[in-house]
Amino acid sequence: MEHYMCKTWDELEAEIKGCKKCKLCQNRTNIVIEDGNRNADVMLIGEGPGADEDRQGVPFVGRAGQLMNKAFEGLGIDRSKLYIANIVKCRPPNNRVPQEDEAQACLDYLRNQVLLVSPKIIVLMGSTALKNILGAEHKITTSRGSWIEKKGILYMPTWHPAALLRDDTKKIDFWHDFEKIIAKCDELQIDISK
Ligand code: URA
Ligand code: SF4
(Lines give C-alpha, C1' and ligand atoms only; values in the text may rest on other atoms or scores of the structure.)
(Ligands and ions follow the chains in the order given, each with its own letter.)
Protein backbone atom coordinates (compact mmCIF):
# COMPACT_ATOMS: atom_id res chain seq x y z
CA MET A 1 0.00 0.00 0.00
CA GLU A 2 1.24 3.47 -0.85
CA HIS A 3 1.99 5.55 2.19
CA TYR A 4 0.26 8.91 2.40
CA MET A 5 2.58 11.63 1.13
CA CYS A 6 2.74 15.06 2.69
CA LYS A 7 2.35 17.80 0.10
CA THR A 8 4.11 20.53 2.06
CA TRP A 9 7.29 20.78 4.13
CA ASP A 10 5.30 22.00 7.15
CA GLU A 11 3.09 18.94 6.97
CA LEU A 12 6.05 16.58 6.61
CA GLU A 13 7.98 18.21 9.46
CA ALA A 14 4.94 17.93 11.69
CA GLU A 15 4.64 14.24 10.85
CA ILE A 16 8.32 13.50 11.63
CA LYS A 17 8.39 15.53 14.84
CA GLY A 18 8.29 13.19 17.86
CA CYS A 19 8.35 10.08 15.62
CA LYS A 20 8.40 6.76 17.46
CA LYS A 21 7.97 4.44 14.49
CA CYS A 22 11.15 2.51 15.28
CA LYS A 23 13.38 1.73 18.27
CA LEU A 24 15.97 4.34 17.28
CA CYS A 25 13.67 6.92 18.90
CA GLN A 26 14.79 5.66 22.30
CA ASN A 27 18.32 7.06 22.37
CA ARG A 28 18.16 10.11 20.16
CA THR A 29 18.73 13.70 21.23
CA ASN A 30 17.53 15.23 17.95
CA ILE A 31 15.79 13.92 14.85
CA VAL A 32 18.12 14.80 11.96
CA ILE A 33 15.95 15.64 8.97
CA GLU A 34 17.96 17.61 6.45
CA ASP A 35 20.44 20.27 5.52
CA GLY A 36 20.82 22.53 2.51
CA ASN A 37 18.45 23.68 -0.21
CA ARG A 38 14.95 22.24 -0.50
CA ASN A 39 14.89 23.31 -4.15
CA ALA A 40 18.18 21.61 -5.00
CA ASP A 41 18.66 19.63 -8.22
CA VAL A 42 21.26 17.49 -6.47
CA MET A 43 20.45 15.48 -3.34
CA LEU A 44 22.92 13.57 -1.17
CA ILE A 45 21.83 10.58 0.89
CA GLY A 46 23.96 9.17 3.73
CA GLU A 47 23.32 6.49 6.32
CA GLY A 48 22.29 8.03 9.62
CA PRO A 49 23.26 10.57 12.25
CA GLY A 50 26.41 10.11 14.33
CA ALA A 51 27.06 11.62 17.75
CA ASP A 52 27.67 15.17 16.48
CA GLU A 53 24.66 15.09 14.16
CA ASP A 54 22.49 13.77 17.00
CA ARG A 55 23.65 16.62 19.23
CA GLN A 56 23.22 19.37 16.63
CA GLY A 57 20.26 18.04 14.64
CA VAL A 58 22.09 18.57 11.34
CA PRO A 59 23.46 15.87 8.97
CA PHE A 60 27.17 15.58 8.17
CA VAL A 61 28.63 17.99 10.71
CA GLY A 62 31.00 15.50 12.43
CA ARG A 63 34.35 14.12 11.24
CA ALA A 64 32.98 12.51 8.08
CA GLY A 65 30.99 15.63 7.24
CA GLN A 66 33.99 17.87 7.74
CA LEU A 67 36.05 15.70 5.39
CA MET A 68 33.23 15.89 2.85
CA ASN A 69 33.18 19.69 3.23
CA LYS A 70 36.93 19.80 2.60
CA ALA A 71 36.53 17.77 -0.58
CA PHE A 72 33.73 20.10 -1.72
CA GLU A 73 35.96 23.11 -1.06
CA GLY A 74 38.68 21.61 -3.27
CA LEU A 75 36.17 20.71 -5.97
CA GLY A 76 34.49 24.13 -5.89
CA ILE A 77 31.14 22.73 -4.79
CA ASP A 78 28.84 24.89 -2.67
CA ARG A 79 27.32 22.58 -0.02
CA SER A 80 24.43 24.98 0.56
CA LYS A 81 23.24 24.40 -3.03
CA LEU A 82 22.69 20.69 -2.32
CA TYR A 83 20.01 18.93 -0.29
CA ILE A 84 21.37 16.47 2.29
CA ALA A 85 19.53 13.70 4.16
CA ASN A 86 20.03 10.20 5.57
CA ILE A 87 18.38 6.75 5.41
CA VAL A 88 17.48 6.99 9.13
CA LYS A 89 16.83 10.22 11.01
CA CYS A 90 17.75 9.05 14.52
CA ARG A 91 21.21 7.93 15.62
CA PRO A 92 21.81 4.17 15.76
CA PRO A 93 23.57 3.11 18.99
CA ASN A 94 27.37 3.17 18.59
CA ASN A 95 26.89 4.25 14.97
CA ARG A 96 25.97 0.74 13.90
CA VAL A 97 24.39 0.20 10.49
CA PRO A 98 20.61 0.79 10.60
CA GLN A 99 18.69 -2.48 10.78
CA GLU A 100 16.18 -3.48 8.12
CA ASP A 101 13.10 -2.61 10.22
CA GLU A 102 14.54 0.78 11.18
CA ALA A 103 15.42 1.71 7.60
CA GLN A 104 12.00 0.54 6.37
CA ALA A 105 10.19 2.54 9.06
CA CYS A 106 12.09 5.70 8.18
CA LEU A 107 12.16 5.40 4.37
CA ASP A 108 8.66 6.82 3.89
CA TYR A 109 9.94 10.15 5.17
CA LEU A 110 12.94 10.11 2.86
CA ARG A 111 10.75 9.22 -0.13
CA ASN A 112 8.53 12.14 0.78
CA GLN A 113 11.59 14.40 0.94
CA VAL A 114 12.66 13.19 -2.52
CA LEU A 115 9.16 13.91 -3.81
CA LEU A 116 9.17 17.45 -2.43
CA VAL A 117 12.74 18.31 -3.48
CA SER A 118 12.34 16.59 -6.87
CA PRO A 119 16.09 16.34 -7.56
CA LYS A 120 17.54 15.43 -10.97
CA ILE A 121 20.57 13.77 -9.39
CA ILE A 122 20.80 11.67 -6.21
CA VAL A 123 24.21 10.81 -4.78
CA LEU A 124 24.09 7.59 -2.73
CA MET A 125 26.91 7.73 -0.22
CA GLY A 126 27.81 4.25 0.95
CA SER A 127 26.28 0.80 0.94
CA THR A 128 23.35 1.59 3.27
CA ALA A 129 22.08 4.38 1.03
CA LEU A 130 22.64 2.32 -2.13
CA LYS A 131 20.92 -0.85 -0.90
CA ASN A 132 17.94 0.89 0.66
CA ILE A 133 17.27 3.17 -2.30
CA LEU A 134 18.10 0.98 -5.31
CA GLY A 135 17.87 -2.54 -3.86
CA ALA A 136 19.88 -5.02 -1.80
CA GLU A 137 21.33 -6.63 -4.94
CA HIS A 138 23.54 -3.57 -5.55
CA LYS A 139 27.11 -3.61 -4.26
CA ILE A 140 28.89 -0.34 -3.52
CA THR A 141 32.28 -1.77 -4.55
CA THR A 142 31.06 -2.50 -8.08
CA SER A 143 28.42 0.25 -8.45
CA ARG A 144 30.30 3.33 -7.38
CA GLY A 145 31.39 5.77 -10.03
CA SER A 146 28.74 4.83 -12.60
CA TRP A 147 25.41 6.51 -13.30
CA ILE A 148 22.22 4.53 -12.81
CA GLU A 149 19.02 6.03 -14.25
CA LYS A 150 15.71 5.11 -12.66
CA LYS A 151 12.34 6.82 -13.10
CA GLY A 152 13.93 9.95 -14.51
CA ILE A 153 16.44 10.37 -11.69
CA LEU A 154 20.19 9.93 -12.15
CA TYR A 155 21.84 8.08 -9.29
CA MET A 156 25.56 8.18 -8.55
CA PRO A 157 26.71 5.71 -5.91
CA THR A 158 29.96 6.65 -4.17
CA TRP A 159 31.85 5.84 -0.98
CA HIS A 160 30.49 7.08 2.31
CA PRO A 161 32.73 9.92 3.58
CA ALA A 162 33.45 7.92 6.76
CA ALA A 163 35.06 5.24 4.57
CA LEU A 164 37.55 7.86 3.38
CA LEU A 165 38.70 8.32 6.96
CA ARG A 166 39.62 4.63 7.14
CA ASP A 167 41.12 4.21 3.66
CA ASP A 168 43.00 7.02 1.92
CA THR A 169 42.76 5.46 -1.54
CA LYS A 170 38.98 5.91 -1.44
CA LYS A 171 39.47 9.69 -1.36
CA ILE A 172 40.63 9.57 -4.98
CA ASP A 173 37.51 7.60 -6.02
CA PHE A 174 35.25 9.99 -4.09
CA TRP A 175 36.92 12.94 -5.80
CA HIS A 176 36.54 11.37 -9.26
CA ASP A 177 32.89 10.51 -8.61
CA PHE A 178 32.16 14.12 -7.72
CA GLU A 179 34.04 15.28 -10.82
CA LYS A 180 31.55 13.20 -12.80
CA ILE A 181 28.70 14.85 -10.88
CA ILE A 182 30.11 18.31 -11.65
CA ALA A 183 30.41 17.39 -15.35
CA LYS A 184 26.81 16.13 -15.40
CA CYS A 185 25.64 19.32 -13.69
CA ASP A 186 27.43 21.38 -16.36
CA GLU A 187 25.69 19.32 -19.05
CA LEU A 188 22.27 19.78 -17.40
CA GLN A 189 22.95 23.44 -16.53
CA ILE A 190 22.66 22.79 -12.81
CA ASP A 191 24.63 25.22 -10.66
CA ILE A 192 26.30 23.67 -7.61
CA SER A 193 29.46 25.75 -7.74
CA LYS A 194 30.90 28.20 -5.24
N1 URA B 1 27.17 9.79 8.51
C2 URA B 1 26.00 9.74 7.85
O3 URA B 1 25.70 8.81 7.15
N4 URA B 1 25.17 10.77 7.99
C5 URA B 1 25.44 11.83 8.75
O6 URA B 1 24.62 12.71 8.80
C7 URA B 1 26.67 11.86 9.41
C8 URA B 1 27.51 10.83 9.29
FE1 SF4 C 1 11.08 7.64 13.32
FE2 SF4 C 1 13.04 7.43 11.55
FE3 SF4 C 1 13.61 8.10 14.03
FE4 SF4 C 1 12.84 5.62 13.49
S5 SF4 C 1 14.72 6.63 12.77
S6 SF4 C 1 12.08 6.89 15.17
S7 SF4 C 1 11.35 5.98 11.85
S8 SF4 C 1 12.40 9.31 12.57
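Here the structure is shown first, and the text comes after it.
None of the values given here were measured: they were computed from a predicted structure.

Caption draft 1: Structural detail: the site of ligand 1. Every residue close to ligand 1 is listed here: G46, E47, G48, E53, P59, F60, N86 and H160. A distance of 3.0 Å is found between a nitrogen atom of ligand 1 and a backbone nitrogen or oxygen belonging to G48. Taking N86, its side chain carries an N or O atom lying 2.8 Å from a nitrogen atom of ligand 1. In isolation ligand 1 has 230 Å² of accessible area, and contact with the protein removes 93% of it. Looking at side-chain class alone, the shell around ligand 1 contains two nonpolar, four polar and two charged residues.

Caption draft 2: Fine view of the packing of helix α3 (residues 63-75) against helix α8 (residues 169-187). One can describe the packing of α3 onto α8 by two numbers: an axis separation of 11 Å at closest approach and a directional angle of 50°. What the angle tells us is that α3 and α8 run oblique. α3 and α8 meet at a crossing whose hand is right-handed. Residues L67, M68, A71, F72, G74 and L75 of α3 touch α8, and the partners they reach there are K171, F174, W175, F178, E179 and I182. In terms of residue class, the contact of α3 with α8 is built from nine nonpolar, one polar and two charged.

Caption draft 3: Looking closely at the site of ligand 2. The immediate surroundings of ligand 2 are formed by C19, K21, C22, C25, R28, K89, C90, A105, C106 and Y109. A class-by-class count of the residues in the shell around ligand 2 yields seven nonpolar, no polar and three charged.

Caption draft 4: Seen up close, the side chain of T158. Among the structural elements, T158 can be located in strand β6 (residues 153-158). Not counting residues within four places of it along the chain, the set of residues in contact with T158 comprises V123, L124, M125, G126, I140, R144, F174, D177 and F178.

Caption draft 5: Seen up close, helix α4 (residues 100-117). Given a rise of 1.5 Å per residue, 18 residues ought to cover 26 Å, and the 25 Å separating the end C-alpha atoms of α4 matches this to within 8%. Along α4, the helix axis deviates most sharply at L107, where the bend reaches about 40°. Among the residues of α4, E102, A103, A105, C106, L107, D108, Y109, L110, N112, Q113, V114 and V117 are the ones counted as buried. Its buried side turned inward, α4 meets α1 (9-16), β2 (42-46), β3 (83-86), β4 (121-125), α5 (127-134) and β6.

Caption draft 6: Highlighting the pairing of β3. Of the two faces of β3, the one carrying Y83 and A85 and the one carrying I84 and N86 are both buried. Relative to β3, strand β1 (residues 35-36) is paired through two bridges, and the arrangement is antiparallel. Considered in β3, the bridge of G36 is made with Y83. Looking at chain direction, β2 and β3 are connected through four bridges and run parallel.

Caption draft 7: Main features of unusual backbone geometry. Unlike most non-glycine residues, N95 shows phi in positive territory, near 60°. With a phi angle near 50°, K151 is a residue other than glycine that sits in the positive phi range. Examined against the element boundaries, K151 turns out to sit in the loop between β5 (148-150) and β6.

Thresholds applied
Residues numbered from 1 in each chain as written. Chains lettered and ligands numbered in written order. Predicted model: local features only at pLDDT ≥ 70, side-chain atom pairs only at ≥ 80, totals over all residues. Heavy atoms only, no water. Near = heavy atom within 4 Å. Polar contact = N/O pair within 3.5 Å; in protein donor to acceptor, adjacent residues only side chain to side chain. Areas by Shrake-Rupley, 256 points an atom, 1.4 Å probe, with all protein chains shown as cover. Nonpolar A, V, L, I, M, F, W, Y, C, P; charged D, E, K, R; others polar. Axes fitted to C-alpha atoms, helices over the stretch in contact; angles between N-to-C directions. Helix = DSSP H or I, 4+ residues; strand = E, 2+ residues; numbered from the N terminus. Parallel < 35°, antiparallel > 145°, perpendicular 65-115°, else oblique. Left-handed = near helix turned anticlockwise from the far one by under 90°. Contact = heavy atoms within 4.5 Å. Expected span 1.5 Å × (residues − 1). Bend = angle between axes of the 7 residues up to and from the residue. Buried < 20%, exposed > 50% of the residue type's maximum accessible area, 1.4 Å probe, protein only. Pairing = 2+ DSSP bridges.

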